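Close look at the chain arrangement
Listed below, chain by chain, are the residues.
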Amino acid sequence: MRFSTKAIHAGQDPDPATGSVTVPVYLTSTYMQLRPGREGKYVYSRTANPTRNALEESLAALEGGKVGVAFSSGLAATTTVLMLLRKGDHVIAGDDIYGGTYRLFDQVLRNYGLQFTYVDPRSPDKVEQAVRKNTKMIWIETPTNPLMRVVDIRAISKIATKNHAMLVVDNTFASPYLQNPLKLGANISVHSTTKYLGGHSDLIGGAAIATDTDVGKRLKFLQNAVGAVPGPLDCWLVLRGIKTLAVRMDRHDSNAKQISEFLQKEPKVEQVYYPGLPDHPQRDVVKRQMRGYGGMLSFELKGGFGDCEKLLTKLRVFTLAESLGGVESLIEHPASMTHASIPRQRRMEQGIKDTLIRMSVGIEDVEDLLEDLQRGFKGL
Ligand SMILES: *Cc1c(COP(=O)(O)O)cnc(C)c1O
């Protein structure tokens, strides 16, 4: 089966009891057992729930993995994946990862004896140099937030394999429609389903998909043991989002491409960051591992913070808000919003200037988005 067919059907056979074409929302915590001590397929909804199972099968099919495991948020997925490790284990992480992931590593998991080294994973040599005897995991994100840097998944996976470490890729920005890390050598693909998979800015959710059955089994064990599971209604909403993922992503991609071209011509714009632009510094990697470019982009404005503020408050179709991946276009200022918790010095070192603006381009009519931006830029 091809992608869109899988997105609509994998894990979602009509309900055997009623013929219901959509997967029912099983709002139950517990299940009747026929005999004591002889457990049926379902016992208790933290362990398994039919709506969640349908989502997990769907996610595994979309990423080309063996086991899909759903969580109550992207960070719950990340936390649970890190629990595959033990005290004293070392993790190499990209230096440009989601702020909440960095906070979890640095301010929570470090206290439990995990060690972290942050390197620029665009350079596989630097990753290799950071490997220690106790390195058990490499954690990367691509494209990165907000500068849309791209990491060569296959190159990093070779280093991981050689050193008996697991490679985990946060695939939230690309979605399984545009990129499949597991097919490029990663062991686990992680998602915030809050973003493109859900796609409608109406839920918080996460997922981890594993290539290996044993790793998958361990993740399932941890999902039940740790307990950060999503409710059946949220699972159903993600399933509904997934059905239209392909058509949404095509439109996000086409709208963002046109906006990136508009921004490149706009005299008030210093620099545009979008994987779809021919001058993206890792164009060859983009072409090798992505089937499209997605809806996320960022740009630097000439001038100062005042101009950013003017532009951001003048727009009417774009909403000034954090988060991403929904049908509606969002715009935000990383230095004062999504990335404000990073000390200014570290932010500057990462290249996130005070005049950087990030967009999650939605699926509205692109003409309305372009007109909105033209109006916004006029007043600067
Ligand atoms: C939002 C996000 C997360 C965290 O997901 P939540 O669902 O908010 O917990 C992790 N990684 C990336 C790339 C994200 O954008």
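Look above for the structure.
Here we summarise the structure given alongside this text. (Residues numbered from 1 in each chain as written. Predicted model: local features only at pLDDT ≥ 70, side-chain atom pairs only at ≥ 80, totals over all residues. Heavy atoms only, no water.)

Attention now goes to the pairing of strand E3 (residues 115-119). Note that strand E2 (residues 90-94) and E3 share five bridges and pair parallel. Across the sheet, residue alanine 93 finds its bridge partner in E3, namely tyrosine 118. (Pairing = 2+ DSSP bridges. Helix = DSSP H or I, 4+ residues; strand = E, 2+ residues; numbered from the N terminus.)

Turning our eyes to something else, we now look at the site of the ligand. Not every one of the 13 residues close to the ligand is listed here, only the nearest: Gly74, Asp170, Ser192, Thr194 and Lys195. Contact between the ligand and aspartate 170: a nitrogen atom at 2.7 Å from a side-chain N or O atom of the residue. In the complex, the protein chains occlude 93% of the 380 Å² of accessible area that the ligand would expose alone. Here the shell around the ligand is composed, by residue class, of four nonpolar, six polar and three charged. (Near = heavy atom within 4 Å. Polar contact = N/O pair within 3.5 Å; in protein donor to acceptor, adjacent residues only side chain to side chain. Areas by Shrake-Rupley, 256 points an atom, 1.4 Å probe, with all protein chains shown as cover. Nonpolar A, V, L, I, M, F, W, Y, C, P; charged D, E, K, R; others polar.)

This part takes up the sheet that holds strand E5 (residues 166-170). Taken in spatial order, the seven strands of this open sheet run E1-E7-E6-E5-E4-E2-E3, and their pairing is mixed. Pairing within the sheet leaves two strands with one partner each, and these edge strands are strand E1 (67-71) and E3. Within this sheet the neighbouring strands show an average axis-to-axis angle of 20°, counted without direction. Relative to strand E4 (residues 135-141), E2 runs parallel, the two sharing four bridges. Considered in E4, the bridge of valine 91 is made with methionine 137. Helix-sheet contacts for helix H6 (residues 153-162) involve E4 and E5, and the interaxial angle to E5 is about 155°. (Axes fitted to C-alpha atoms, helices over the stretch in contact; angles between N-to-C directions. Contact = heavy atoms within 4.5 Å.)

This paragraph deals with unusual backbone geometry. Of note, the amide linkage connecting threonine 142 to proline 143 takes the cis form, showing an omega dihedral of -10°. The step from asparagine 145 to proline 146 runs through a cis peptide bond, and the omega angle for that step is 5°. Mapped onto the secondary structure, proline 146 falls in the loop between E4 and H6. Phi at methionine 148 takes a positive value of approximately 55°, unusual for a residue other than glycine. Position of methionine 148 among the secondary structure elements: in the loop between E4 and H6. With phi around 55°, histidine 164 is a residue other than glycine that occupies positive phi space. Of note, histidine 164 is situated in the loop between H6 and E5.

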